[in-house]
Amino acid sequence: MRSSEADKFSAIGGSTCWCFGRKAVGDWGKSSWSIEEMASNMSSSLASIRSAYDMASAAYARKFIDELNHKPLDRELLERFAGLIGAGQPVLDLGCGPGHTTAHLTSLGLKVTGVDLSSKMIEHAASIFPQSCFEVGDFLCLSRDASSIAGMLAFYCIVHLTPDQLFPAFSEMFRVLRDGGVLLLSFHIGSEVIHAENFLDTNAALDFTFFEPSQIETALAQAGFAPIEIRIREPYESEHPSKRCYVFAHKPESMT
Ligand SMILES: C[S@@+](CC[C@H](N)C(=O)[O-])C[C@H]1O[C@@H](n2cnc3c(N)ncnc32)[C@H](O)[C@@H]1O
């Protein structure tokens, strides 16, 4: 099975892929919109993301289930993440897709639940990794109590957020993390949005947003995270030529 980042983007390419500026996707900063209008836009966009990943789930699982085998830095950072959190501690793998990172963290001793918007993706994850836990959920509105989780992984799941959704997303992660908890997230560096009409040849339509590290760092800091550690790497030769960013964001220890 092939399993590189290049596959993710060649698959996005298909026959009808193009790039355009963020503003074309939706002006989330428009100040005259009411909360209700914003909520309605966000939920319709969530519905389309869910439906796209339902359509693409089998193809996604086939392509990416083994990708950690070829990603030494990802494995190193996941090991560090597991070490910071400690064996047996509760962790959420947000936007877990077919569950390969959930299973990897489970093998490192963490008590992980993979969470994904797409029920089809969760069905695949649960059948491929029956020893791991998975559930359908939305990381913008997690079904967890405040301060109940020791760690959160968010690998490439923020790629469908608009810039104005970063702060609410990180605030929700901050709410659910315990004091001293750790968030590890990854994303593609850039300032463009790539629209795919035929993601993984499944006819699924999706927008992929790239972010600058400073943008992510600002939104994380606004949500309360400190310290924030950023690691950037060049793409591997076989990958799409975008730099990758990995962020360890810590919820401060309680001051009381
Ligand atoms: C690009 S895939 C990344 C999957 C996996 N983490 C990986 O690294 O291969 C994005 C995943 O995030 C999920 N997702 C997108 N928005 C979400 C949300 N608001 N809540 C939960 N999952 C979401 C999608 O369904 C999809 O499985």
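Note that the structure is predicted; figures quoted are calculated from it, not measured.

*Asks:* Before we move on, could you go through the site of the ligand and cite the residues and values that matter?
*Replies:* Taken together, 21 residues surround the ligand, and among them Tyr53, Gly95, Gly97, Leu117 and Cys157 come closest. Put simply, the parts of the chain that give the shell around the ligand at least two residues each are α2 (35–64) and β3 (111–116). For the shell around the ligand, the element with the highest residue contribution is α2, accounting for four residues. Across the shell around the ligand, the residue classes tally to 14 nonpolar, five polar and two charged.

*Asks:* So, the sheet that holds strand β6 (residues 177–188): which residues are in play, and what are the values?
*Replies:* Here we have seven strands laid out as an open sheet, ordered β4-β3-β2-β5-β6-β10-β9, and mixed in their pairing. Either end of the sheet is taken by a strand with one partner, and the two such strands are β4 (133–136) and β9 (228–233). This sheet shows a mean twist of 15 degrees between the axes of neighbouring strands, independent of strand direction. Across the sheet, helix α3 (residues 72–85) touches β2 (90–94), β5 (149–155), β6, β9 and β10 (244–250), and the angle it forms with β6 is around 175 degrees. This element, helix α6 (residues 166–176), spans β5 and β6 of the sheet and lies at about 145 degrees to β6.

*Asks:* How would you summarise unusual backbone geometry if you had to cite specific residues and measurements?
*Replies:* Across the junction of alanine 226 and proline 227, the peptide omega takes the value 0 degrees, indicating a cis bond. Note that proline 227 resides in the loop between α7 (213–223) and β9. Even without glycine at this site, leucine 200 takes up a positive phi of about 55 degrees. Relative to the helices and strands, leucine 200 is located in the loop between β7 (193–199) and β8 (204–209).

*Asks:* Which residues make up the environment of histidine 188, and what are the values?
*Replies:* With respect to the secondary-structure elements, histidine 188 resides in strand β6. Taking the number of C-beta atoms within 10 Å as the measure of exposure, histidine 188 has 22 and is therefore buried. Note: C-alpha distance between histidine 188 and valine 159 (29 residues apart in sequence) is 7.9 Å. Residues contacting histidine 188, with those up to four places away along its chain left out, are Val159, Phe210, Ser242 and Arg244.

*Asks:* Describe in detail the pairing of β2, supporting the description with residues and values.
*Replies:* By the criterion of burial, β2 is predominantly enclosed, with four of the five residues buried. As defined by bridge partners, β2 adjoins β3 across five bridges and the pair is classed as parallel. Pairing of valine 91 across the sheet is with valine 112, part of β3. For the handedness criterion, the β-α-β arrangement of β2, helix α4 (residues 100–107) and β3 is classed as right-handed. Both β2 and β5 contribute to a ladder of three bridges, which runs parallel.

*Asks:* Lay out the environment of leucine 77 with the relevant residues and their values.
*Replies:* Note on placement: leucine 77 falls in helix α3. Exposure remark for leucine 77: the 19 C-beta atoms within 10 Å place this residue in the partly exposed category. Separated by 171 residues in the primary sequence, leucine 77 and phenylalanine 248 place their C-alpha atoms 9.1 Å from one another. Beyond its immediate sequence surroundings of up to four residues, leucine 77 is in contact with Leu184 and Tyr246.

The rules behind these values
- Residues numbered from 1 in each chain as written.
- Predicted model: local features only at pLDDT ≥ 70, side-chain atom pairs only at ≥ 80, totals over all residues.
- Near = placed C-beta within 6 Å.
- Helix = DSSP H or I, 4+ residues; strand = E, 2+ residues; numbered from the N terminus.
- Nonpolar A, V, L, I, M, F, W, Y, C, P; charged D, E, K, R; others polar.
- Pairing = 2+ DSSP bridges.
- Axes fitted to C-alpha atoms, helices over the stretch in contact; angles between N-to-C directions.
- Contact = placed C-beta atoms within 7 Å.
- Buried ≥ 20, exposed ≤ 12 C-beta atoms within 10 Å, placed from the backbone.
- Right-handed = clockwise from strand over helix to strand, strands pointing away.

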